[in-house]
Amino acid sequence: MSHSAIDVSTPAFIPGSVRALATDDPAEILGFAAACLREGGDVALATLVEIRGGAARALGSHVAVAADGRYCGYVSGGCVEAAVASEALLAVAEGRDRTVMFGDGSPFFDIVLPCGGGISIAIHLLREGTAIEQVLDRLRNRQPAGLRYNPERQSLRLVDAPERACWQADDFLTIYRPRTRLVISGQTVEASAVARLGAASDFEVFVRAAGRSIVEDADAFTAIVFLHHDLDQEAPVLEAALGSPAFYVGALGSTRTQRRRVERLRERGFCSDDLSRIKAPIGIFGPTRDSTSLALSILADVAACRLATYG
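Residues numbered from 1 in each chain as written. Predicted model: local features only at pLDDT ≥ 70, side-chain atom pairs only at ≥ 80, totals over all residues. Heavy atoms only, no water.

### Considering the sheet that holds strand β7 (residues 145-150)
So, step 1. The 4 strands lie next to each other as β8-β7-β10-β9, forming an open sheet whose pairing is antiparallel. Lying at the two open borders of the sheet, with one neighbouring strand each, are β8 (155-159) and β9 (166-168). Mean inter-strand twist for the sheet, computed between neighbouring axes without regard to direction, equals 30°.
So, step 2. Looking at chain direction, β7 and β8 are connected through 5 bridges and run antiparallel. What sits directly across from Tyr149, in β8, is Leu156. (Pairing = 2+ DSSP bridges. Helix = DSSP H or I, 4+ residues; strand = E, 2+ residues; numbered from the N terminus. Axes fitted to C-alpha atoms, helices over the stretch in contact; angles between N-to-C directions.)

Structure (structure tokens):
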């Protein structure tokens with residue numbers, strides 16, 4: 001990894017950088033870059049490609065920087081993003097990619113990462129937006145996608161989603177997955193609280209009344225939660241959910257209720273693997289005595305399960 005120092009060939013005027021959007025959502029960051037390209041401006045995409053020690057963000061995290069100085073995204077906890085944007089503006093002005101280091105091992109002695117580690121950022125000048133538009137299209141269709149960046153060729157192209165962001169020989173692979181879809185079965189005060197906080201957490205929320213099919217809304221990036229107070233009302237939709245690709249299936253009720261639920265499902269032919277999918281009593285902590293606490297517990301459990309499933 002190397003840092004391109006400013007020299008006499010550097011253009012005299014570089015605009016100042018200003019955060020345009022406070023988000024770390026990869027789809028929003030790529031969407032910002034795509035919109036700037038459609039407006040006819042130059043854009044650089046900065047990607048976290050190496051972590052030395054601790055870091056606030058995962059490999060593959062982005063900052064997108066427009067030629068006028070606007071930027072969005074995070075590659076740290078907020079302590080280096082303005083400096084990353086300035087380096088990206090240099091890349092735009094010089095018309096070539098560059099890689100910069102921050103923290104441990106970096107020439108920027110005045111920029112210290114709170115975690116004490118170091119990061120390397122690859123800055124790619126987007127000459128056209130085909131690859132990121134393809135990623136955005138896949139995400140809109142709830143399909144994962146990947147990008148392959150080659151620093152030597154200064155190229156970026158769409159690939160099938162890798163298992164994780166990583167270097168593969170001389171290429172860096174980044175993965176993008178659809179945001180969490182939250183399907184709520186039930187029309188209770190608990191369901192309303194989970195829907196409200198789920199929307200605030202930027203989940204894609206669907207509320208389904210008892211008896212309505214939920215499988216049509218479920219994919220591998222879906223969490224289904226059952227917030228009924230009646231096992232008879234819950235049973236048909238829970239059985240359908242166990243046949244879905246959802247990464248999370250959770251159900252309201254006590255440990256005693258869960259035993260009754262499992263007994264019923266066994267009688268209907270469900271095996272241990274099916275039954276082990278049900279997170280019940282639902283939530284990451286408990287017991288709770290109010291709907292808001294329960295909603296927080298459920299959403300924390302969904303987030304933890306997604307992290308364990310996909311990283």
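Additional details are given in the paragraphs that follow.
### What to know about the sheet that holds strand β15 (residues 278-279)
So, step 1. An order of β12-β11-β13-β14-β15 is seen for the 5 strands of this open sheet, with the pairing classed as parallel. Because the sheet does not close on itself, it has two edges, and the strands there are β12 (204-208) and β15.
So, step 2. The strands touched by helix α4 (residues 189-200) are β11 (181-185), β12 and β13 (222-226); relative to β11, the strand with the most contacts, the crossing angle is about 170°.
So, step 3. Sitting on the sheet, helix α5 (residues 231-242) touches β11, β13, β14 (248-251) and β15, and the angle it makes with β13 is about 160°. (Contact = heavy atoms within 4.5 Å.)

### Observations concerning the packing of aromatic side chains
So, step 1. Scanning the model with the defined rule gives 3 aromatic pairs in all.
So, step 2. Seen in terms of ring centroids, Trp167 and Phe172 are 5.4 Å apart; in terms of plane orientation they differ by 70°. Their pairing is edge-to-face.
So, step 3. The exposure class assigned to Phe172 is buried, which follows from its relative accessible area of 1%.
So, step 4. Arg19 extends its terminal NZ or CZ atom over the ring of Tyr74, reaching a point 4.1 Å from the ring centre. (Phe/Tyr/Trp six-rings, centres within 6.5 Å; stacked < 30°, edge-to-face > 60°. Buried < 20%, exposed > 50% of the residue type's maximum accessible area, 1.4 Å probe, protein only. Lys NZ or Arg CZ within 6 Å of the ring centre and 35° of its normal.)

### Side note on the layout of surface pockets
So, step 1. If you add up the space inside the largest pocket, you get close to 1400 Å³.
So, step 2. If you list the elements that add at least two residues to the lining of the largest pocket, you get α1 (26-38), α3 (130-140), β10 (171-176) and α8 (291-310).
So, step 3. Top element by residues in the lining of the largest pocket is α8. It accounts for 5 residues.
So, step 4. When its residues are assigned to classes, the lining of the largest pocket shows 18 nonpolar, 8 polar and 13 charged.
So, step 5. In this structure, the second largest pocket occupies an estimated 300 Å³ of space. (1 Å grid on protein atoms, 1.4 Å probe; cavity = no way out; pocket = protein on both sides within 12 Å on 5 of 7 lines; lining within 4 Å. Points joined across faces, edges and corners; volume = space filled by probe spheres on them. Nonpolar A, V, L, I, M, F, W, Y, C, P; charged D, E, K, R; others polar.)

### Thoughts on the side chain of Arg261
So, step 1. Inspection of the secondary structure assignment puts Arg261 in helix α6 (residues 255-267).
So, step 2. Given a relative accessible area of 3%, Arg261 falls into the buried group.
So, step 3. Within the structure, the side chain of Arg261 is placed 2.8 Å from the side chain of Glu234, a separation counted as a polar contact.
So, step 4. Once you skip the residues sitting within four places of it in the chain, Arg261 turns out to touch Leu231, Glu234, Leu238, Ala251, Leu252, Ile278 and Ala280. (Polar contact = N/O pair within 3.5 Å; in protein donor to acceptor, adjacent residues only side chain to side chain.)

### Things to note about the environment of Thr292
So, step 1. If you trace the backbone, Thr292 turns up in helix α8.
So, step 2. Through-space distance from the C-alpha of Thr292 to that of Gly40 is 46 Å; in sequence the pair is 252 residues apart.
So, step 3. Once you skip the residues sitting within four places of it in the chain, Thr292 turns out to touch Ala193, Arg196 and Leu197.

### Examining empty space enclosed by the protein
So, step 1. In this structure the tally under the stated criterion is 1 cavity of 30 Å³ or more.
So, step 2. Put simply, the largest cavity is a space of about 70 Å³.
So, step 3. Around the largest cavity, the lining residues are Leu45, Thr47, His62, Ala122, His124, Leu147, Tyr149, Leu156, Phe172, Thr174 and Tyr176.
So, step 4. When residues of the lining of the largest cavity are assigned to their parent elements, the largest contribution, 3 residues, is made by β10.
So, step 5. In the lining of the largest cavity, the residues fall into 7 nonpolar, 4 polar and no charged.

### Description of the nonpolar core
So, step 1. The biggest cluster of nonpolar side chains holds 27 residues, and the ones touching the most others in it are Leu30, Leu126, Ile132, Val135, Leu147 and Leu156.
So, step 2. Elements supplying a minimum of two residues to this core: α1, β2 (43-52), β3 (62-66), β6 (118-126), α3, β7 and β10.
So, step 3. Per-element tally for this core: the top contributor is α1, with 7 residues.
So, step 4. Ignoring anything within four residues of it in the chain, the contact list for Ile132 reads Leu30, Ala33, Ala34, Leu37, Leu126, Leu147 and Leu156. (Core = buried A, V, L, I, M, F, W, Y, C linked by side-chain atoms within 4.5 Å.)

### Re unusual backbone geometry
So, step 1. Each neighbour pair has its own omega, and for Ala280 with Pro281 the value is -5°, a cis peptide bond.
So, step 2. In this fold, Pro281 is placed in the loop between β15 and α8.
So, step 3. Cis peptide bonds are those with omega within 30 degrees of zero, and the linkage from Gly286 to Pro287 qualifies with -5°.
So, step 4. Backbone geometry places Ala169, a non-glycine residue, at a positive phi of 60°.
So, step 5. Structurally, Ala169 is set in the loop between β9 and β10.
So, step 6. Look at Ala169 and you get exposed, because its relative accessible area is 74%.

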